[in-house]
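Read off the chains here:
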Amino acid sequence: MRFSFANVALQAFAHNSGWPEQWRNPEPKAAYEAIIVGAGGHGLATAYYLAKEHGLANVAVLEKGWLGGGNTGRNTTIIRSNYLMEESAALYEHALNLWEGLSQELNYNVMYSPRGVMMLAHNTHDVQVGKRHVHANRLAGVDNEWLTPDEAKAFCPLLNIARDIRYPVVGAALQRRGGTARHDAVAWGYARAASARGVDIIQNCEATAIRRDASGAVSGVETTRGPIATKRIGVVAAGHTSVVMAMAGVRMPVESYPLQALVSEPVKPMMPCVVMSNTIHAYMSQSDKGELVIGAGTDAYISYSQTGGLHIANHTLEAICELFPTVRRMRMLRNWGGVVDVTPDRSPIIGKTPVPGLFVNCGWGTGGFKATPGSGHVFAHTIARGEPHPLAAPFTLDRFRSGRLIDEAAAAAVAH
Amino acid sequence: MLLIPCPYCGMERPEIEFRYGGEAHIARPADPNALSDDEWANFLYFRSNPKGVLAERWRHTFGCGRFFNCLRDTASDKILAVYKAGEARPDGAAERAGPSA
């Protein structure tokens, strides 16, 4: 049933008893045209675009837990596209363009809110890097502008621009089209739309092995719910990419780190935008529920524990309290961690692997949420055609051999 | 925060005294010019990143200042063993896999 004014009114009179389940919960079939491993936002988006744009409806998405329960449900929902390199800016801008029409496309309110993302500069180096980003973005057709501290304060009145603090604000880069969206709604919207087009979303079904035929090509997956045959597998497993790829004997240039976030008690609207500071590892926005959503940095060490160290969160809160003195007496309600897959150049890997029929979409590190629609869109193209989408072409696994890295470390070393 | 036993100091100290050194037992090739692109990429960028026992390096920066190795379960963060730089892995596992398929 579509979400429409008429249906909402009709259901209001029927005590909302007539809404059907939002997606099917099918048993796995014996074979599929393609299998996506991982039902996070990127995996579900991939399945949706496979069905919608490439006519591949006989697709399954396998999920070892529940859909959207990994990094999709754990991130701080920031959306922006002001990356330095042309390749990255093009990819993230593609995603941002899709965000703008996503609620209409999916008939599901993903609550995309272009409230502006402001990235602070605290020293001369930050200013030089920030302005370089602004100029590079404007040449690439991506909106990004430079603000003085007073202009930054006008855009975000909570901000402390005093000169005598430890890390004074000396400027800021603002992308007005950046903002936030509701992370769960993105997973649910893609799941609902993909399921409606015939995609099987199979939860509580962990891939345990990847089968290959005599030629070495992919022939299926073993799962906790039995073997499934397929010629094409797309691995979209975020922090567990190395684990899944090891099932096919492929080593990855990826390491998995804990990344944590926390939210405050809910309060009235006070924070009109997203503010990020890469230099002091802090970013903050306010959810529609009223909680201040705060992102911390990654821990130093490799871990799959989905738990970060308290000193990392503490470090972030020190910075937040200095930048926004008004929040000093607020209580934090929850703190949680995810596992992020980080590449050496902080750019994703989207494309083919040395194993025929095996595709991978990973390495989004600390900032994959913003790319969800674009990532799924270009990865679906790559799986369906067997050749990378033009926007995904630079993001090959082979770049680590050829040396053609896409170095976004300056843009996204910690806060993405 | 991890509580890390330093094998030189012989005592446990909080993680903030240490700096992380990444995966252990990755020796710089003696003659990089002799390597193929695949071998060089494997040395520079490809890591085992296991969910399970990982051999990793730590440096007791705000203590004795020395590098050592550590076996840690990355699923639970439990530290299984620490051993001095130059010593073999105490669990006898292969030190490092070669390039992939």
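**Q** Hey, could you go over the overall build of chain B for me, with residue numbers and the actual values?
**A** When helices and strands are counted, chain B shows one helix and six strands. Overall, the C-alpha framework of chain B stretches about 45 × 25 × 25 Å when taken along its three principal axes. Of all 101 residues assigned to chain B, the portion counted as buried reaches 35%. For chain B, the share of sequence-separated contacts (at least 6 apart) that also reach a separation of at least 24 residues comes to 49%. Roughly 5,400 Å² of accessible area belongs to chain B as shown, and the carbon and sulfur atoms make up 50% of that amount. On chain B, the mean spot of the 13 positive side-chain charges and the mean spot of the 14 negative ones are 6 Å from each other.

**Q** Tell me about the state of the cysteines, and please be specific about residues and values.
**A** Residue and element names in this part refer to chain A. Enumeration according to the criterion identifies zero disulfides over all chains in this entry. In this model C156 remains outside any disulfide bridge; the closest cysteine sulfur is found in C273, 3.9 Å from its own. The buried category is assigned to C156, whose relative accessible area is 0%. For C321, which is in no disulfide, the shortest distance to another cysteine sulfur is to C156 and amounts to 15 Å. By relative accessible area, which is 22% here, C321 ends up partly exposed.

**Q** Describe the sheet that holds strand 18 (residues 349-352) of chain A, listing the residues and the values that go with them.
**A** Residues and elements named next belong to chain A. A sheet is described by the order of its strands in space; here six strands give the open sequence 8-2-1-12-19-18, paired in mixed fashion. Single-partner strands in this sheet number two, and they are strand 8 (200-202) and strand 18. Mean inter-strand twist for the sheet, computed between neighbouring axes without regard to direction, equals 15 degrees. Looking at chain direction, strand 18 and strand 19 (residues 358-362) are connected through four bridges and run antiparallel. Counterpart to G351 in the pairing with strand 19 is V360.

**Q** Before we move on, can you summarise the confidence of the model for chain B with the specific residues and values?
**A** All names here are of chain B. Mean pLDDT over chain B stands at 92; residues scoring 70 or higher make up 92%. Scored below 50 in pLDDT, residues 97-101 shows eleven contacts in the model against residues more than four places distant or in partner chains. Scored as a whole, the predicted complex attains pTM 0.95, and scored at its interfaces, ipTM 0.93.

**Q** Outline the interface of chain B and chain A, supporting the account with residue identities and numerical values.
**A** By convention, interface size is frequently given as the accessible area that disappears when the constituent parts associate. The partner chain A presents 29 residues to the 27 residues of chain B that form the contact. With both sides pooled, the region where chain B packs onto chain A buries about 2,400 Å², and carbon together with sulfur makes up 56% of that total. Applying the counting criterion to the chain B and chain A interface returns two salt bridges. A salt bridge links R401(A) to D37(B); its shortest N-O distance comes to 3.7 Å.

**Q** Requested: an account of the packing of helix 3 (residues 86-100) of chain A against helix 10 (residues 372-385) of chain A, with residues and values cited.
**A** Residues and elements named next belong to chain A. Where helix 3 meets helix 10, the axes come as close as 7 Å, and the angle between the chain directions of the two elements is 110 degrees. The angle between helix 3 and helix 10 places the two elements in the roughly perpendicular class. Every residue of helix 10 that contacts helix 3 at L91, H94, A95, L98 and W99 is listed here: T372, P373, G374, H377 and V378. Of the residues in the contact of helix 3 with helix 10, the class split is six nonpolar, four polar and no charged.

**Q** I'd like a rundown of unusual backbone geometry, residues and numbers included.
**A** Excluding glycine, most residues fall at negative phi; most peptide bonds, likewise, are trans. Positive phi is not limited to glycine here, since M111(A) has a value of about 55 degrees. Residue position: M111(A) is located in the loop between helix 4 (102-106) and strand 4 (117-121). Phi angles above zero are rare outside glycine, and H25(B) is one such case at about 60 degrees. Counting through the fold element by element, H25(B) comes out in the loop between strand 3 (19-23) and helix 1 (37-44).

**Q** Explain helix 10 of chain A to me, and be specific about the residues and the numbers.
**A** Helical geometry note: an α-helix holds 3.6 residues per turn, so side chains three or four residues apart project in the same direction. All names here are of chain A. For helix 10, built from 14 residues, the straight-helix expectation of 20 Å at 1.5 Å per residue is met to within 8% by its first-to-last C-alpha distance of 20 Å. Burial analysis of helix 10 places twelve of its 14 residues in the buried class, which makes it a mostly covered element. Among all positions of helix 10, only T372, P373, G374, S375, G376, H377, V378, F379, A380, H381, T382 and I383 are buried. Phi turns positive, to about 75 degrees, at G386, one or two residues after helix 10.

Rules of the game
In every chain, residue numbers begin from 1 and rise along the written sequence. Here chains are named by letter from A upward and ligands by number from 1 upward, in the order in which they appear as written. Thresholds applied to this predicted model are a pLDDT of at least 70 for local features of residues and 80 or more for the giving and counting of side-chain atom pairs; totals over whole chains, interfaces and linings are not thresholded and use all residues. Hydrogens and water molecules were not included; the side-chain quantities draw on all heavy atoms of the structure. For the purposes of this entry, the term helix denotes a DSSP run of H or I that reaches at least four residues, the term strand denotes a run of E that reaches at least two, and both are numbered from the N terminus. We call a residue buried when its accessible area falls under 20% of the maximum for its residue type, exposed when it is over 50%, and partly exposed in between, using a 1.4 Å probe and counting protein chains only. Here, residues are in contact when the closest pair of their heavy atoms is within 4.5 Å. Only the protein chains shown count as covering a residue, and every accessible area follows the Shrake-Rupley method with a 1.4 Å probe. For the charge count, each Lys or Arg is scored as positive and each Asp or Glu as negative, with His and the chain ends excluded. Working definition for charges: the position is that of NZ of Lys, CZ of Arg, CG of Asp or CD of Glu. Our working definition of a disulfide is a cysteine sulfur pair at a distance within 2.5 Å. What makes two strands pair is DSSP finding at least two bridges between them. Only the contacting stretch of a helix is used when fitting its axis, a line to C-alpha atoms as for every element, and angles between N-to-C directions run 0 to 180 degrees. Known as pLDDT, the predictor's per-residue confidence is scaled from 0 to 100. Note on definitions: buried area is the accessible-area loss of two parts on being combined, 1.4 Å probe, summed for both. A carboxyl oxygen of Asp or Glu within 4 Å of a side-chain nitrogen of Lys or Arg is what we treat as a salt bridge. Roughly parallel means an angle under 35 degrees; roughly antiparallel means over 145; roughly perpendicular covers 65 to 115; every other angle is labelled oblique. Following the grouping adopted for this structure description, the nonpolar residues are Ala, Val, Leu, Ile, Met, Phe, Trp, Tyr, Cys and Pro, the charged ones are Asp, Glu, Lys and Arg, and the polar ones are all others, Gly among them. Expected helix span is taken as 1.5 Å per residue step, with the number of steps being one fewer than the number of residues.

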